[in-house]
Amino acid sequence: MKRDILERLLKARAGKVPVALVTDLSTGLQSLVFHDALHGGFGLEEHHLAEIRARLRQDRSGLIAFPDVEGYEDEGPRLFVHAHNPPLRLIVVGAVHIAQFLSRLAALAGYAVTVVDPRAAFATEARFPGVALVGSWPDEALTGLAIDDRTAVVTLTHDPKLDDPALVVALRSPAFYVGSLGSRRTHAKRLDRLRDQGLTEAELKRIHAPVGLDIGAETPAEIAVSIVAQVVAARRNAL
């Protein structure tokens, strides 16, 4: 690997910037493919870049073989794509009982979990061992956590004073998933409050509520399963 490629790759990883290291197996040349840029030792056609970036978004490393392309004697390029992405994140607003199960299940699914709750009696290490805890007000916390398109946000408190400020930030962010606990009646009232705060109908449609896939979940553990399943489905474009 050339020095400039390695240095840029390490810088991207340190800055938590998604990047794919692409190696042409026919020539050994390498390029770095970002969501909006390209750097490296060989050119890539637009349809190559589209496929590589799709794989980067889905965390899918592996070989891509293209059909005959001008400049290749026998066949098109055989590219090995190594996706380097920062961890997927789940931000949970509300250190409630469901959140205890949700944080464990999400971690097993590969998510870095942060629980936000200014109520110190709820957000404790004893209740959430090994989980990152943030005790500031939810809108301040979510702003500070710099939500990106690899972040899911779930609000669970049932308290508009906590959930609504978090939803305002989340719905105006690039988060790939936003979900909120509550019945349909509760959600209808929530939507009215958020409209009053200036959110558009397009932004409001992003909320998954009642949160979780409809699997008949009743217990906190079952609800947590339904939420993780819905987050994964949203991530994999299955919704």
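Okay, so let's go over this structure. (Residues numbered from 1 in each chain as written. Predicted model: local features only at pLDDT ≥ 70, side-chain atom pairs only at ≥ 80, totals over all residues. Heavy atoms only, no water.)

Next up on the list: a nonpolar patch on the surface. Side chains of M1, L6 and L10 sit close together on the surface and give an oily, nonpolar patch of about 290 Å² of accessible area. For L10, the position within the fold is in helix α1 (residues 3–14). (Patch = residues over 30% accessible without salt bridge, like charges linked within 9 Å, V, L, I, M, F, W, Y side chains within 5 Å. Areas by Shrake-Rupley, 256 points an atom, 1.4 Å probe, with all protein chains shown as cover. Salt bridge = Lys/Arg side-chain N within 4 Å of Asp/Glu carboxyl O. Helix = DSSP H or I, 4+ residues; strand = E, 2+ residues; numbered from the N terminus.)

In this structure, the largest pocket spans a volume of roughly 260 Å³. Around the largest pocket, the lining comprises 13 residues; the ones closest to its centre are P210, V211, G212, L213 and D214. Residues that form the lining of the largest pocket fall into these classes: seven nonpolar, four polar and two charged. As a volume, the second largest pocket reaches approximately 200 Å³. (1 Å grid on protein atoms, 1.4 Å probe; cavity = no way out; pocket = protein on both sides within 12 Å on 5 of 7 lines; lining within 4 Å. Points joined across faces, edges and corners; volume = space filled by probe spheres on them. Nonpolar A, V, L, I, M, F, W, Y, C, P; charged D, E, K, R; others polar.)

So, about unusual backbone geometry. Peptide bonds are trans in most cases, and residues, glycine excluded, mostly fall at negative phi. For the bond running from A209 to P210, omega is -5°, close enough to zero to count as cis. Positionally, P210 belongs in the loop between β11 (207–208) and α8 (220–235). Positive phi values are uncommon outside glycine, yet D59 reaches one of about 60°. Mapped onto the secondary structure, D59 falls in the loop between α2 (46–57) and β4 (62–65). Take D59: its relative accessible area is 30%, and that puts it in the partly exposed class. With phi around 50°, A146 is a residue other than glycine that occupies positive phi space. Within the secondary structure, A146 is located in the loop between α4 (138–144) and β9 (151–155). (Buried < 20%, exposed > 50% of the residue type's maximum accessible area, 1.4 Å probe, protein only.)

The subject of this paragraph is α2. Taking 1.5 Å as the rise per residue, α2 with twelve residues should run 16 Å; its terminal C-alpha atoms sit 16 Å apart, in good agreement. Along α2, the residues classified as buried are H48, L49, I52, R53, R55 and L56. Angular distribution of buried residues about the axis of α2 spans 155°; they occupy a single face of the element. The inward-facing, buried residues of α2 contact β1 (19–24), β2 (30–33), β3 (38–40), β4 and β5 (78–84). Following α2 by one or two positions, D59 adopts a phi angle in the positive range, close to 60°. (Expected span 1.5 Å × (residues − 1). Arc of directions from axis to C-beta. Contact = heavy atoms within 4.5 Å.)

Function-wise, these values are silent; they only describe arrangement.
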